[in-house]
Amino acid sequence: MGDAASLSVFVLVDHGLLPKHRLLDIGCGVLRGGIPLIEYLDAGHYVGVEARTEVLKEARKELAKSGLEGKRPLLVNEADPTRVRLDTPIDVAWPSWCSFTCPTRSSMDT
Ligand SMILES: C[S@@+](CC[C@H](N)C(=O)[O-])C[C@H]1O[C@@H](n2cnc3c(N)ncnc32)[C@H](O)[C@@H]1O
């Protein structure tokens with residue numbers, strides 16, 4: 001779990017995220033961090049929100065490539081996460097739109 005794509009799942013699991021939790025990934029982009037989260041969480045427990053339509057299209061392609069469509073992640077095209085209406089409550093809201101611009105632990109150590 002040392003690469004940038006696994007940063008989200010590494011941090012969230014470190015803070016107690018369990019497969020049974022329902023997660024809202026705000027600014028999911030092309031699912032670079034989302035794919036490891038989808039893999040980790042129970043089916044149907046990942047919701048990705050992305051403001052840009054074209055980026056979300058790429059995310060769907062990445063999801064297909066990953067072979068994880070069976071995990072039934074919900075990908076929503078929306079720029080305001082407060083407008084996302086879900087049938088089941090969310091346990092964790094994760095603002096991943098900033099996670100890859102923050103310094104990693106190893107870059108802070110140097
Ligand atoms: C650093 S990039 C994507 C990182 C992403 N988590 C990944 O794993 O690939 C940030 C993304 O957040 C999206 N974004 C920015 N503000 C947003 C908002 N208010 N709601 C939803 N998406 C947003 C951008 O369109 C962009 O695709």
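Residues numbered from 1 in each chain as written. Predicted model: local features only at pLDDT ≥ 70, side-chain atom pairs only at ≥ 80, totals over all residues.

Description of the site of the ligand
Near the ligand you find 20 residues, and of these Gly27, Gly29, Arg32, Gly33 and Trp97 are the closest. Looking at the shell around the ligand residue by residue, the classes come out as 11 nonpolar, 6 polar and 3 charged. (Near = placed C-beta within 6 Å. Nonpolar A, V, L, I, M, F, W, Y, C, P; charged D, E, K, R; others polar.)

So, helix H1 (residues 7–14)
Within H1, burial applies to Leu7, Ser8, Val9 and Leu12. Gly16, located one to two residues past H1, shows a positive phi value of around 100 degrees. (Buried ≥ 20, exposed ≤ 12 C-beta atoms within 10 Å, placed from the backbone. Helix = DSSP H or I, 4+ residues; strand = E, 2+ residues; numbered from the N terminus.)

Looking at the confidence of the model for the protein
Of all residues in the protein, 87% have pLDDT values of 70 or greater, and the mean over the chain is 89. Every residue in residues 103–110 is under pLDDT 50, and counting partners more than four places away or in other chains gives 2 contacts. (pLDDT = per-residue confidence, 0-100. Contact = placed C-beta atoms within 7 Å.)

What to know about unusual backbone geometry
Of note, Leu31 is a non-glycine position whose phi angle comes to about 70 degrees, a positive value. Structurally, Leu31 can be placed in the loop between strand S1 (23–26) and helix H2 (34–40). Backbone geometry places Arg72, a non-glycine residue, at a positive phi of 50 degrees. Structurally, Arg72 can be placed in the loop between helix H3 (53–66) and strand S3 (74–77). On the neighbour-count criterion, Arg72 (12 C-beta atoms within 10 Å) is exposed.

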